[in-house]
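# Notes for the structure review
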Amino acid sequence: TEMTAIILKAEGTVNQYAGDLVMSTYGAPLPMPDHPERAVTVGLKMQKRLAELCIEWEKRDLPPLRVRTGINSSGMFFGNLGSEQVFYYSVMGDAVNLSARLESANKQYGTFLMISEETHSALTPNKFLTRTLDVIIAKGKTSAVKVYEVYGFISDHIEPDLFAYYDNYAGGFEKYLEKDFEGALKLFKYAENFRPGDKAVVRMIDRVTNLDPKTLPDD
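So, here is what we can say about the structure in this document.

Cut-offs applied
Residues numbered from 1 in each chain as written. Predicted model: local features only at pLDDT ≥ 70, side-chain atom pairs only at ≥ 80, totals over all residues. Heavy atoms only, no water. Helix = DSSP H or I, 4+ residues; strand = E, 2+ residues; numbered from the N terminus. Rg over C-alpha atoms; globule rule 2.2 N^0.38 Å. Buried < 20%, exposed > 50% of the residue type's maximum accessible area, 1.4 Å probe, protein only. Contact = heavy atoms within 4.5 Å. Areas by Shrake-Rupley, 256 points an atom, 1.4 Å probe, with all protein chains shown as cover. Lys, Arg positive; Asp, Glu negative; His and termini not counted. Charge placed at Lys NZ, Arg CZ, Asp CG, Glu CD. Phe/Tyr/Trp six-rings, centres within 6.5 Å; stacked < 30°, edge-to-face > 60°. Expected span 1.5 Å × (residues − 1). Polar contact = N/O pair within 3.5 Å; in protein donor to acceptor, adjacent residues only side chain to side chain. Core = buried A, V, L, I, M, F, W, Y, C linked by side-chain atoms within 4.5 Å.

## Digging into the overall build of the protein chain
Within the protein chain, the secondary structure is distributed over seven helices and eight strands. Since a compact globule built from 219 residues should have a radius of gyration of about 17 Å, the 19 Å found for the protein chain is in line with a globular shape. For the C-alpha atoms alone, the extent of the protein chain along its principal axes is close to 60 × 50 × 30 Å. The proportion of buried residues among the 219 residues of the protein chain is 37%. Long-range pairs, those at least 24 residues apart, make up 55% of the contacts in the protein chain between residues at least 6 apart in sequence. Carbon and sulfur atoms form 53% of the exposed surface of the protein chain, whose accessible area is close to 13300 Å². Between the centroid of the 25 positive side chains of the protein chain and the centroid of its 30 negative side chains there is a distance of 2 Å.

## Overview of the packing of aromatic side chains
Evaluation of the coordinates by the stated rule reveals nine aromatic pairs. With a centroid separation of 5.1 Å and an interplanar angle of 65°, the aromatic rings of Tyr 165 and Tyr 166 are classed as edge-to-face. The exposure classification of Tyr 165 matches that of Tyr 166, with both residues buried. Ring centres 6.4 Å apart and planes at 10° place the aromatic pair Tyr 169 and Phe 173 in the stacked group. Here Tyr 169 pairs with Phe 173, and both are found in helix H5 (residues 160-177), just four residues apart, close to one helical turn. We note that Tyr 169, like Phe 173, is buried.

## What to know about H5
For H5, which comprises 18 residues, the first-to-last C-alpha distance of 26 Å matches the rise-based estimate of 26 Å (1.5 Å per residue) to within 8%. Among the residues of H5, those classed as buried are Ala 164, Tyr 165, Tyr 166, Asn 168, Tyr 169, Gly 172, Phe 173 and Tyr 176. Residues of H5 that are buried sit in contact with strand E7 (128-136), strand E8 (145-153), helix H6 (181-192) and helix H7 (199-210). Among the residues trailing H5, Lys 179 stands out with phi positive, at a value near 65°.

## As for the side chain of Ser 73
One can find Ser 73 in the loop between strand E3 (69-71) and strand E4 (77-82). On the accessibility criterion, Ser 73 (8% relative accessible area) is buried. Apart from residues no more than four positions distant in its own chain, Ser 73 is found in contact with His 35, Pro 36, Ser 116, Glu 118 and Thr 119.

## A short note on the environment of Asp 180
Structurally, Asp 180 can be placed in the loop between H5 and H6. In the structure, Asp 180 is positioned 109 residues away from Ile 71 in sequence and 30 Å away in space, judged by C-alpha atoms. At a separation of 3.0 Å, a polar atom in the side chain of Asp 180 contacts the main-chain amide nitrogen of Gly 183.

## Some details on the nonpolar core
In this structure, Met 114, Leu 133, Tyr 165, Tyr 169, Tyr 176, Phe 188 and Val 201 are the most contacted members of the largest nonpolar core, which totals 24 residues. Those elements that provide at least two residues to this core are helix H3 (94-109), E7, H5, H6 and H7. When residues no more than four places from it in sequence are discounted, the contact partners of Tyr 165 are Arg 131, Ala 191, Phe 194, Arg 195, Asp 198, Ala 200 and Val 201. Membership of the second largest hydrophobic core comes to 22 residues, among which are Met 3, Leu 44, Cys 54 and Tyr 148.

Remember that the coordinates give geometry; whether it matters functionally is a separate question.
See the structure below:
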């Protein structure tokens, strides 16, 4: 109910509930030029509201709850799906499947809000706090996509240690893409000092450590 209220306030459409999953879309049937931004804003507001709820639950000796979100923005089919007897309004297509893959990919990085490059490129500059997380091949795909974590609004207060973590991770990832693996490893290890055991940076340290530059293809 709390998460749905956030979606509806942003004029999003709740397409379905499947188990503990809420699927929502933005930009149809009524066009919204800023639909990627609305989706990301909803994702952040969900995380904020959930943190507030966890404080309330703790007072009642109830366990905390976390939620992962995946967002993608691209061409997809909107409309009534099903049959003449039973149908529901939803979306389908590869772009929809990618958002679902990004939601589950959060597990591998210890993140909670992952977006695609297409969504990231459509956001207003200097509005959200984001970082390049990785370049991945999602399950069932053959081509790689760049993915980003969104960890707040630019107006949010960020603790110095957390900022240092993100700053060094970003620098390390740039060097990684440039194939400067020694420089990347140095920055990733420095980033880990600020968030020991962080899944994303541990994953990159392990990858860089075990790469053999001599066997890498040109691309």
